[in-house]
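Take a look at the letters that make up each chain.
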Number of protein chains: 2
Amino acid sequence: MKRYAIKISYNGKNFSGWQKQPGGRTVQGTLENVLQLLAGHPVTVCAAGRTDKGVHAVGQIVSFDLERSWDPQKLLLAVNANLPEDVSAIKAFDVEESFHARYSALWREYVYFIWTAKTCYPHFRDYVWHRKQEWDLKKVKQACRCFLGEKNYRAFCRKSECPPNASRTIYKAEIFTRGDLVWFRVRGNSFLTNMVRIMVGTLDCIGTGKQDIDYLESLFEDKAERPNAGPTAPAKGLFFWKVGYPSSLL
Amino acid sequence: MKRYAIKISYNGKNFSGWQKQPGGRTVQGTLENVLQLLAGHPVTVCAAGRTDKGVHAVGQIVSFDLERSWDPQKLLLAVNANLPEDVSAIKAFDVEESFHARYSALWREYVYFIWTAKTCYPHFRDYVWHRKQEWDLKKVKQACRCFLGEKNYRAFCRKSECPPNASRTIYKAEIFTRGDLVWFRVRGNSFLTNMVRIMVGTLDCIGTGKQDIDYLESLFEDKAERPNAGPTAPAKGLFFWKVGYPSSLL
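Because the structure is predicted, anything quoted here is derived from the model rather than measured.

Calculation rules
Residues numbered from 1 in each chain as written. Chains lettered and ligands numbered in written order. Predicted model: local features only at pLDDT ≥ 70, side-chain atom pairs only at ≥ 80, totals over all residues. Helix = DSSP H or I, 4+ residues; strand = E, 2+ residues; numbered from the N terminus. Rg over C-alpha atoms; globule rule 2.2 N^0.38 Å. Buried ≥ 20, exposed ≤ 12 C-beta atoms within 10 Å, placed from the backbone. Contact = placed C-beta atoms within 7 Å. Domains from an automatic or database assignment. Least-squares fit on C-alpha atoms with pLDDT ≥ 70 in both. Pairing = 2+ DSSP bridges. Nonpolar A, V, L, I, M, F, W, Y, C, P; charged D, E, K, R; others polar. Arc of directions from axis to C-beta. Expected span 1.5 Å × (residues − 1). pLDDT = per-residue confidence, 0-100.

### What about the overall build of chain A?
Logical step 1: Looking only at helices and strands, chain A features five helices and ten strands.
Logical step 2: For 250 residues, the compact-globule estimate of 2.2 N^0.38 gives 18 Å, and chain A sits close to it at 19 Å.
Logical step 3: Dimensions of chain A, computed from C-alpha atoms along their principal axes, come out at roughly 60 × 40 × 35 Å.
Logical step 4: Out of the 250 residues belonging to chain A, those deemed buried represent 40%.
Logical step 5: Taking the intrachain contacts of chain A between residues at least 6 apart in sequence as the baseline, contacts between residues at least 24 apart amount to 70%.

Put into structure tokens, the structure is as follows:
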């Protein structure tokens, strides 16, 4: 068996998320079907980060094993020739057996796009949260700094899926703007279910003046629960952007 | 009767172009239906530039007359509430009776997007020409300068639709790049059918080394015909971007 990694991008609109599930069209299922077709044997694919229904990916990394050896360039072409229009393989890599898309990752980065004007271009509609209310960007940028470091993110996780240890480390949390487009870029060691979307929903509470910075600080306390944080922002604004690995591995 | 103008944006993918035609889903037809519904009388809409099947628009301007007076802000909301997902009204204007979206226009600007990497993100797929071959950008930029000024564009027009006078004036013709994305921005007094797409197809012949600058120069000569120019680049990379009017009018 030989291990490979592929960087993939997908439009989440018509997928029930990454993870394979009976009766749902998933990215994992789609990719595994294509690889089984090419390899002639069942293939199990593992991703750096599982994305929810409707969430997009630009630089998702997946790893898997194939029985025979492939030239990565040929593997890339063969995979793309068989994938549907809403998934693309961007790059293929020959990797060591010790490489694992999920466990080898040092950090993951997500980007969330918000469109703040009253009207929105139809070309953006599937890729942004069309938030017609303006944000106080100074306050939101200040709030972003509260996310940095190791904190308890229990209030930022879908309740039914919260692990016993909800402590996560955020390395970067920044707001960028260009015209009416605002985007939130966040990098962390790992993320809980819905975590980025709840971070954005909470930033929205602060940006629209419903809450202040003290409120955000209180959400990291031990007694904080999911309902204390802001709402879960829509899936379609979220992109799984990038993954970092030790340079010796990828 | 009171005249209004609206800036509209549309995703051309599922339209048979701007112009109303029997049996085709068109942007003009869609917009006229919405306006008739709101106004309670038939409305004829005129656009700054008619776009072909599959061509997008970011800042198309349309003008029309309504029997009763509307606050432009309310008109904008009402129109958007009734338009399908692939068309948006971006801004509405109260205009003088002398304003005409087509005849008052001083210039039109188009942008054509080309994706030059071997693999393409699915989010871009409907909005770029995925040209897997790289362009010699220095040559293409040099070629762009040949378009400037008043020239005979007969070789750059769909043959069956070429008017007796095919002379057009180009004010700007520029190439921009960012990573694997290349775009061509062109501004002119008016454009012939397929003109921008044939300009891009011709730039492609130069960028990929099939033709040189002398060839491009020869296409403006009186004896040049449509088959002498390059192929018509795909519709999906083309955006009708912007229109200029005298500042007293819009």
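Don't stop here, the text continues.
### Re the domain arrangement of chain A
Logical step 1: Considered domain by domain, chain A is made up of domain 1 (2-104) and domain 2 (107-243).
Logical step 2: The distance between the C-alpha centroids of domain 1 of chain A and domain 2 of chain A comes to 27 Å.

### What to know about the relation of the copies chain A and chain B
Logical step 1: Structural alignment of chain A on chain B gives an RMSD of 0.0 Å, achieved by rotating through 180 degrees and translating 0.0 Å along the axis. Taken together, the rotation angle and the small translation identify this as a two-fold axis. In terms of C-alpha distance to the rotation axis, chain A has A:H123 as its closest residue, with the C-alpha 4.8 Å off the axis.
Logical step 2: Looking at chain A, 100% of its interface residues are interface residues in chain B too, so the copies touch through the same face.

### Comments concerning the environment of B:R25
Residue and element names in this part refer to chain B.
Logical step 1: As for its placement among the helices and strands, R25 is situated in the loop between β1 (2-10) and α1 (27-39).
Logical step 2: Taking the number of C-beta atoms within 10 Å as the measure of exposure, R25 has 13 and is therefore partly exposed.
Logical step 3: The sequence separation of R25 and K172 amounts to 147 residues, and the corresponding C-alpha distance is 33 Å.

### A short note on the environment of A:E225
Residue and element names in this part refer to chain A.
Logical step 1: Here E225 is to be found in the loop between α5 (213-218) and β10 (238-244).
Logical step 2: On the neighbour-count criterion, E225 (11 C-beta atoms within 10 Å) is exposed.
Logical step 3: Residues E225 and S98, spaced 127 residues apart in sequence, show a C-alpha to C-alpha distance of 38 Å.

### A word on the pairing of β10(A)
Residues and elements named next belong to chain A.
Logical step 1: Note: strand β3 (residues 56-66) against β10, two bridges, orientation parallel. Across the sheet, H56 pairs through a bridge with F239, a residue of β10.
Logical step 2: Pairing of strand β5 (residues 107-115) with β10 involves six bridges; the strand directions are antiparallel. When the sheet's bridge partners are listed, R108 is paired in β10 with V243.

### With respect to the interface of chain A and chain B
Interface extent is often summarised as the accessible area lost during association of the parts.
Logical step 1: Opposite the 19 residues of chain A that make contact, chain B presents 19 residues.
Logical step 2: Breaking the side of chain A that touches chain B down by element, the ones donating at least two residues are β1 (2-10), β3 and β4 (87-94) of chain A.
Logical step 3: The biggest single contributor to the side of chain A that touches chain B is β4(A), with four residues.
Logical step 4: Looking at the side of chain A that touches chain B, its residues break down into nine nonpolar, seven polar and three charged.

### So, helix α3 (residues 137-146) of chain B
All names here are of chain B.
Logical step 1: Taken as a whole, α3 has its buried residues at V140, A143 and C144. Across the axial projection of α3, the buried residues extend over an arc of 110 degrees, all falling on one side. Exposed side of α3, more than 90 degrees from the buried face: K138 and R145 are the residues found there.
Logical step 2: On its buried face, α3 sits against β8 (167-178), α4 (195-207) and α5 (213-218).

### Let's talk about helix α1 (residues 27-39) of chain A
Residues and elements named next belong to chain A.
Logical step 1: With 13 residues, α1 extends 18 Å between its outermost C-alpha atoms, agreeing within 8% with the 18 Å of an ideal straight helix rising 1.5 Å per residue.
Logical step 2: Along α1, the residues that are buried comprise V27, T30, L31, V34 and L35. Summarising the axial view, the buried residues of α1 lie within an arc of 125 degrees, below the 170-degree limit, and thus occupy one face.
Logical step 3: Where α1 is buried, its residues contact β1, β3, α2 (72-82) and β4.

### Some details on the confidence of the model for chain A
Logical step 1: Mean pLDDT over chain A works out to 97, with 100% of the residues at or above the 70 mark.
Logical step 2: Model confidence for the complex is summarised by a pTM of 0.94, with the ipTM given as 0.92.

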